[in-house]
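Descriptive analysis of the structure
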Amino acid sequence: MASITGKRLSLHRSLEDQQHQNDALKSRFAQLQHLANMGTASYMIAHEINNLLTPLRNYATLALNNPDDKALAEKALQRVVRNCERASKITESMLAIANGQTQEKKEARLLTLVEEIFTCLCRDFAKDGITVETCIAQDLTVWAVPVQIQQVLMNLILNARDAMLPHGGVLTIKATERSDAVEIEVTDTGDGIEPADLKNIFGSFFTTKTGKNSPSEYSGSGLGLAFCKKIIDGHDGLISVESKVSQGSKFKITLPKPQSGNS
Ligand SMILES: Nc1ncnc2c1ncn2[C@@H]1O[C@H](COP(=O)(O)OP(=O)(O)OP(=O)(O)O)[C@@H](O)[C@H]1O
Ligand SMILES: [Mg+2]
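No experiment lies behind these values; they were computed from the predicted model shown. (Residues numbered from 1 in each chain as written. Chains lettered and ligands numbered in written order. Predicted model: local features only at pLDDT ≥ 70, side-chain atom pairs only at ≥ 80, totals over all residues.)

What to know about the overall build of the protein chain
Secondary structure assignment for the protein chain yields six helices and seven strands. Along the protein chain, from the amino end to the carboxyl end, the secondary structure elements read α-α-β-α-β-β-α-β-β-α-α-β-β. Compactness check: the protein chain gives a C-alpha radius of gyration of 24 Å against a globular reference of 18 Å for 263 residues, more than 25% above the reference. With respect to the principal axes defined by its C-alpha atoms, the protein chain has extents near 95 × 50 × 45 Å. Here the protein chain, with 263 residues, has 27% of them falling under the buried criterion. (Helix = DSSP H or I, 4+ residues; strand = E, 2+ residues; numbered from the N terminus. Rg over C-alpha atoms; globule rule 2.2 N^0.38 Å. Buried ≥ 20, exposed ≤ 12 C-beta atoms within 10 Å, placed from the backbone.)

Focus on the site of ligand 1
Lining the immediate environment of ligand 1, one finds 23 residues, of which Asn159, Ala163, Thr207, Gly220 and Gly224 sit closest. Elements represented by at least two residues in the shell around ligand 1 include exactly helix 4 (146–164) and helix 6 (224–234). A total of four residues in the shell around ligand 1 trace back to one element, the largest contributor, which is helix 4. In terms of residue class, the shell around ligand 1 is made up of eight nonpolar, 12 polar and three charged. (Near = placed C-beta within 6 Å. Nonpolar A, V, L, I, M, F, W, Y, C, P; charged D, E, K, R; others polar.)

Thoughts on the sheet that holds strand 2 (residues 130–135)
In any sheet, the strands associate via hydrogen bonds between backbone groups, in a parallel or an antiparallel arrangement. Strands sit in the order 2-4-5-7-6 across an open sheet of five strands; the sheet is mixed. Among the strands making up the open sheet, the edge pair consists of strand 2 and strand 6 (238–244). For this sheet, the mean angle separating the axes of adjacent strands, direction not counted, is 10°. Sheet contacts for helix 4: strand 2, strand 4 (169–177), strand 5 (181–188) and strand 7 (248–256); angle to strand 5, the most-contacted strand, approximately 20°. (Pairing = 2+ DSSP bridges. Axes fitted to C-alpha atoms, helices over the stretch in contact; angles between N-to-C directions. Contact = placed C-beta atoms within 7 Å.)

Notes on the pairing of strand 6
Strand direction decides the pairing type here: strand 6 and strand 7, joined by seven bridges, are antiparallel. Among the inter-strand pairings, Ser240 is bridged to a residue of strand 7, identified as Lys252. Here strand 6 hands over to strand 7 after three residues, with Ser246 in that stretch at a positive phi of 70°.

Some thoughts on the domain arrangement of the protein chain
Accessible area lost upon the coming together of the parts is a frequently used measure of interface size. Segmenting the protein chain into domains produces domain 1 (2–98) and domain 2 (106–256). When each unit is reduced to the centre of its C-alpha atoms, the spacing between domain 1 and domain 2 is 24 Å. Elements with a contribution of two residues or more to the side of domain 1 that touches domain 2: helix 1 (2–65) and helix 2 (70–98). When residues in the side of domain 1 that touches domain 2 are grouped by element, the largest group, nine residues, is from helix 1. Partitioning the side of domain 1 that touches domain 2 into residue classes produces seven nonpolar, five polar and four charged. (Domains from an automatic or database assignment.)

Description of the packing of helix 4 against helix 6
As a packed pair, helix 4 and helix 6 sit with axes 9 Å apart at the nearest point and diverge in direction by 150°. In terms of axis orientation, helix 4 runs roughly antiparallel to helix 6. Between helix 4 and helix 6 the crossing geometry is left-handed. Contacts from Gln148, Gln151, Val152, Asn155, Leu156 and Asn159 of helix 4 reach helix 6 at Gly224, Leu225, Phe227, Cys228, Ile231 and Ile232. Of the residues belonging to the contact of helix 4 with helix 6, the class tally is seven nonpolar, five polar and no charged. (Parallel < 35°, antiparallel > 145°, perpendicular 65-115°, else oblique. Left-handed = near helix turned anticlockwise from the far one by under 90°.)

A few points about the nonpolar core
The biggest cluster of nonpolar side chains holds 42 residues, and the ones touching the most others in it are Val152, Leu153, Leu156, Val186 and Cys228. When residues in this core are grouped by element, the largest group, 10 residues, is from helix 4. The residue makeup of this core includes at least three contributed by each of domain 1 (2–98) and domain 2 (106–256). Not counting residues up to four positions away in its chain, the partners in contact with Cys228 are Val152, Asn155, Leu156 and Ile239. (Core = buried A, V, L, I, M, F, W, Y, C linked by C-beta atoms within 7 Å.)

Observations regarding unusual backbone geometry
The omega torsion of the bond from Leu165 to Pro166 falls at 5°, within 30 degrees of zero and hence cis. Inspection of the secondary structure puts Pro166 in the loop between helix 4 and strand 4. One non-glycine residue, Phe205, lies in positive phi territory at about 70°. For Phe205, the location among the structural elements is in the loop between helix 5 (195–198) and helix 6. Here Phe205 falls in the exposed class, since 11 other C-beta atoms lie within 10 Å of it. One non-glycine residue, Ser246, lies in positive phi territory at about 70°. With respect to the secondary-structure elements, Ser246 resides in the loop between strand 6 and strand 7. Given 8 C-beta atoms within a 10 Å radius, Ser246 is considered exposed.

Structure follows, in C-alpha cells:
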C-alpha cells in the first residue's frame, strides 16, 4: 500500500516537473518568436526605407542646389517632408506586420496611391527610356491598408524598371474591377525571368542582381517580392507572375472586395 502511495507521489512530482519544463520551453519559444519577428521587421524596414532614401536625397539636393529658385526649392522640400511621412508610416506598418498585428483596411482610390508612388520616386522614367502607361479608372477603389499596397506596387515598379535598364521599354499599370475583387497588373517589356527562377522569386533572399549583374548601382537583397507576397497574403489576396525571357514580365495581384457588412 505504502509503495503504491509512494509511486503515485513520485509520478505526481515528475508530472509537475514536466509541466514546469513545458511552461519554461513555451515562454522561451515565445521570446525567440518575438526576436525572430523583430529580425524580420528590421529587414523589412531597412529594405523599404532604402527604397525611399535615394529619392529623399535627390529632392534635398535639388532644394540645396537651387536656393534662388524659391518655388522649386519649396516644392522639393515639400516632397522631402512627404517622403519622411511615408517612411514613418512604412516603419509603423512593417512593425505591425512583424508582430502579427492586423492593420485597419480602408477603401482607397487606386489611382491616387499609384500617383503618390511616382511622386515619391523622384525619378523621371523617361530619362531611362521608359514610358509609363497607367490604365486605372478615376473612381476605382481597393479595400486595403493603403501604405502596404503602395509598398507592393513600389517594389513591382522598381523591379520592372531594373528589368528594362539600360535599354528602356514600356511599364504598364492596369487595374480591372471584377464583381468580387480588383485585379492589378504591372507589366514590363524588360529582360523577363528564366523559367527555372520563377518558382524562387517570391522566396526571401533570392536575387539575380549581384555585382555586375545588377542594373543599378546597388545589389539586390532579394526581399522585395517576399514582402509583396507577405502583404498580399495579409490582404487575403493573390500575387502571381507570367514571364518570357527577353520579352518581359507581368505581375498580377488580386485583391478581394470586402464581404458585405465588413466595410
Ligand atoms: N519585373 C521583373 N523582370 C525580371 N526579373 C524580375 C522582375 N521582378 C523580379 N525579378 C527577379 O526576381 C528576383 C527577386 O526580386 P526581388 O524584388 O525580391 O529582389 P531584388 O529586386 O533582387 O532585390 P530587392 O530586395 O532590392 O528588391 C530579382 O532579383 C529578379 O531576378
Ligand atoms: Mg526588387
